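# Working through the structure, step by step
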Amino acid sequence: MSRRSIGEVMLDVKNISLSFGGVKALTDISFNVREHEIRAIIGPNGAGKSSMLNCINGVYTPQQGSITFRGKTFDHMNSREVAEMGIARTFQNLALFKGMNVIDNIMSGRNLKMKTNIFQQALRIGAAEREEQAHREVVERIIDFLEIQAWRKTPVARLPYGLQKRVDLGRALAMEPQVLLLDEPMAGMNIEEKQDMCRFVLDVNDQFGTTIVLIEHDMGVVMDISDRVVVLDYGKKIGDGTPDEVRSNEEVISAYLGTSH
Amino acid sequence: MGPFLETLIGGLMTGMLYSLVALGFVLIFKASGVFNFAQGAMVLFAALAMARFAEWIPALLGIEHKVLVNLMAFILAMGVMIMLAWVVERFVLGKLVNQEGVTLLMATLGITYFMDGFGQTVFGSDIYKIDVGLPKEPMFLLEDVFQGGILVNQEELSAAIIAAALVALLAAFFQYTGTGRALRAVADDHQAAQSIGIPLERIWVIVWSVAGFVALVAGIIWGSKLGVQFSLSQVALKALPVVILGGLTSVPGAIVGGLIIGVGEKLSEVYIGPMLGGGIEIWFAYALALLFLLVRPQGLYGEKIIDRV
Amino acid sequence: MLYRENGQFKTSYQADQQIFPIAQDRYLILALIAAAAIVVPFIASEYVFRALLIPFLILSLAALGLNILVGYCGQISLGTGGFMAVGAYAAYNLLVRIEGMPAVVAILLGGVFAMAFGVVFGIPSLRIKGLYLAVATLAAQFFCDWAFLRIKWLTNDSASGSVSVPELMVFGWNVDTPIDKYLFCLGFVVIFALLAKNLVRGHTGREWMAIRDMDVAAALIGIRPVYAKLTAFAVSSFIVGVAGALWGFVHLGSWEPAAFNITRSFDLLFMVIIGGLGSIMGSFFGAAFIVIVPIVLDNLPNWFGIPIDTALASHLTFMIFGALIVFFLIVEPHGLARLWSVGKEKLRLWPFPH
């Protein structure tokens, strides 16, 4: 539960439908996300949760529907513009840059804010050097926050999975986003790692006011930390409301317990 | 009209020869996802083997009968190619299984260099002759329709026929035999194929051997026409645009691509070449390939390339 | 014992992010450059300059350029020879056609032409990658082969595309002895290596590496793939073009298009692979390797008293190259640079085993 007061509707998804060839991944999905809230998207495997996130991010283009962010409506999102608008994301399968170390991966998240041109960088004096240092400071603060100081120069390919997930989060945080899309941030983690991750997510929401949209399978986590929940099943929305409302929803229960469709 | 037809037919037949080399590429790519830059070196290596065996057999064994000598040389050369396939699989491919395409590509570049050097060390680096009895005199067709008739090179015609027969044979092999089916399964998904019991290593040796066979046939034909020399391995560079046009995964594509490139090259040299200073054969094929890469990278018959997050 | 970071505490990010954070490395490199500039001119023979050091320097520069494209940005290129040719012939034309054109300016402008050419032939990289991109770059190579042979204007109307350069004057200094040429090239290489290293550790370098590692994710962070790929082609071709101009002007003196053919492209690619993809140092290791191996192979039999004819020696060179490429790709895909850094890691512990 966030202690911030929840604001107006910031992200509004309207009637999104997405198909791949003959397969309908999403059918007429609509929901909104309010500023500063933690919104969870849940549902059985294959329900279309990642696809939904991919639509918001611009990775997939939906055949129908629109997405409104801060008053501007789009029928499809462009990845780069999405990043510029302040929407950042982590990935289910981690999309870390394996050839770089932790600092460089998180620094890459600062890319949008680094303005020096090629010539300045080649000479590396004055503005270029100052810029690198200033952003390195920001990245170090993120590293402190995520408690990964000891691994800052390690190539990410060598880190264990749980730490890689933190680097993924760090890179998204480096973008100083207004909205953070988290795709199963706790997948494959044990209890302690999950608790750590929850703490990070809550702190991000609390300290920076970041709005969080979270895909998660662990019901305990979802019920504990989210303000509102959207439930998807077979690409359709079957529930939308507070955790308690959703928990007692008949359709949601049967979807998870597997009644015949 | 006469000269145009001559150029056209000449182009078609040259194209067929390119297709022969391109076939080797397609086979290996289809079955293992590896792009074999060394195909050209294989053609040269095979041709060298054939040429030298054909020389050494009469010298060592005293057999003079031409057909017999050629047959024995062919079998020996084929044996060499199979051994080569085994060596490549064991020492190179087998160790690079999980690497990305670019690494494998560069490995085949390394194999190219190695084969070039090794082949010439073992078999020598002079120019050698191959004579398998392909008719060499030109024919004149349709002499009553066109003045002087249309000049058709019989050697190239035989090559074209052989190539076409080879393609039909390979297509049938893929479609109707158990091994062919296994090859197609491996091309589709290595791991799935392995999990149903298809022995990957053996399949790869088979594929490289078949490619070696194709290289041998191509080497004999090209070698018969041009003589066996180092520049033969450069033929591979000509074959690359062919597979781009036809599609890396398509056997008929290699044929169609080869024909288009062969005809295009000849026609452009004759009709556009003079305007640009001549000698544009070098890059015409590549310019065409570039065009396809920008517009339709999978070629005419290839499968669409998808990138997933 | 010798190679320890003990006591080297970094008190600022600037110190932590410098090119050689470990003091011993810094001293080593500075000593090396000083030795190269001051000691070598006195002890090396003319043969060593001509056959080893000057080619090594210029090819290192070209390998550096190629490494930026292939190693840092992950875009494969088999057309490097063509880009070198553009740099060389452009510089030549500028020198010969414009009165009073300084040699250094001509060389740098040659690089600019190569850069423009590189950007144009880099456009396919926006749509295709891997093998398909390799074929596109081959198109650039063959186009250059043809253009410099057949388009008379490009070679100042020379019949076979062969040109030669008058003597080089650099700010009044006549660069004609091997020592002069060596120092001239050394200057270029040191400056360019520094600039390249700065680029590569800044945000442009990270953009390149992000595109190399996962271009879809890179776009989602706000990196523009178009900008990143084209700048990689641009910077890389600029450096390669300058190297080409140096190769023609300083090393060859006179050349024809075949000097920049596909063999050159493959050689450079091998340098980058063997030296280490994504490593500035690696480019130097790779170049040294490719320059030294043929010479060793040529002379080895003489040292052992066994005569080998040159044809056999060149075949053996091919075989050894090929085998080494495969060996490196299997055993250490990151090349000599990785072996070097692993060696340093072990050195930190020496003489202790753990």
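Cut-offs applied
Residues numbered from 1 in each chain as written. Chains lettered and ligands numbered in written order. Predicted model: local features only at pLDDT ≥ 70, side-chain atom pairs only at ≥ 80, totals over all residues. Helix = DSSP H or I, 4+ residues; strand = E, 2+ residues; numbered from the N terminus. Expected span 1.5 Å × (residues − 1). Buried ≥ 20, exposed ≤ 12 C-beta atoms within 10 Å, placed from the backbone. Core = buried A, V, L, I, M, F, W, Y, C linked by C-beta atoms within 7 Å. Domains from an automatic or database assignment. Contact = placed C-beta atoms within 7 Å. Pairing = 2+ DSSP bridges. Nonpolar A, V, L, I, M, F, W, Y, C, P; charged D, E, K, R; others polar.

Residue and element names in this part refer to chain C. Compared with the 40 Å implied by 1.5 Å per residue over 28 residues, the 38 Å span of helix α10 (residues 225–252) between its first and last C-alpha is a close match. In terms of burial, α10 is largely enclosed, as 22 of its 28 residues are buried. Count one or two residues on from α10 and you reach G253, which has phi positive near 80°.

This brings us to the nonpolar core. Core analysis: the biggest nonpolar cluster contains 301 residues, and M50 of chain B together with L61 and L246 of chain C have the highest contact counts within it. The element that contributes the greatest number of residues to this core is helix α8 (residues 200–226) of chain B, accounting for 17 residues. Each of two domains, domain 1 (1–86 + 177–261) and domain 2 (99–176) of chain A, supplies a minimum of three residues to this core. When neighbours within four sequence positions are excluded, L246 of chain C is seen to be in contact with I58, L61, I107, C185 and F188 of chain C.

All names here are of chain A. When the domains of chain A are assigned, the result is domain 1 (1–86 + 177–261) and domain 2 (99–176). If you average the C-alpha positions of domain 1 and of domain 2, the two centres end up 27 Å apart. Each partner contributes to the interface: domain 1 provides ten residues, whereas domain 2 provides ten residues. Mapped by element, the contributors of at least two residues to the side of domain 1 that touches domain 2 are α2 (79–85) and α7 (191–208).

Residue and element names in this part refer to chain B. Between its terminal C-alpha atoms helix α9 (residues 235–246) stretches 17 Å, which fits the 16 Å expected from twelve residues at 1.5 Å a residue. Of all twelve residues in α9, twelve are buried, a share of seventy percent or more. Of the residues making up α9, those classed as buried are V235, A236, L237, K238, A239, L240, P241, V242, V243, I244, L245 and G246. Positive backbone phi, approximately 105°, marks G247, located one or two places after α9.

Another aspect to go through is the pairing of strand β9 (residues 228–233) of chain A. All names here are of chain A. The buried fraction of β9 amounts to five of the six residues, a majority that puts the element mostly inside the structure. Pairing of strand β3 (residues 38–42) with β9, which is carried by four bridges, proceeds in the parallel orientation. Paired with R39 across the strands is R228, a residue of β9. Across five bridges, the pairing between β9 and strand β10 (residues 236–241) is antiparallel. Following the sheet pairing, V230 is matched in β10 by D240. Linkage of β9 to β10, two consecutive antiparallel strands, is achieved through a turn of two residues, within which Y234 is found at a positive phi near 50°.

What follows covers the interface of chain C and chain A. Facing the 25 residues of chain C at the interface are 31 residues of chain A. At the level of secondary structure, the elements contributing two or more residues to the side of chain C that touches chain A comprise α1 (13–16), α7 (178–201), α8 (203–213) and α9 (215–220) of chain C. Here the element with the most residues in the side of chain C that touches chain A is α8 of chain C; it accounts for eight residues. Among the residues forming the side of chain C that touches chain A, the class breakdown is eleven nonpolar, nine polar and five charged.

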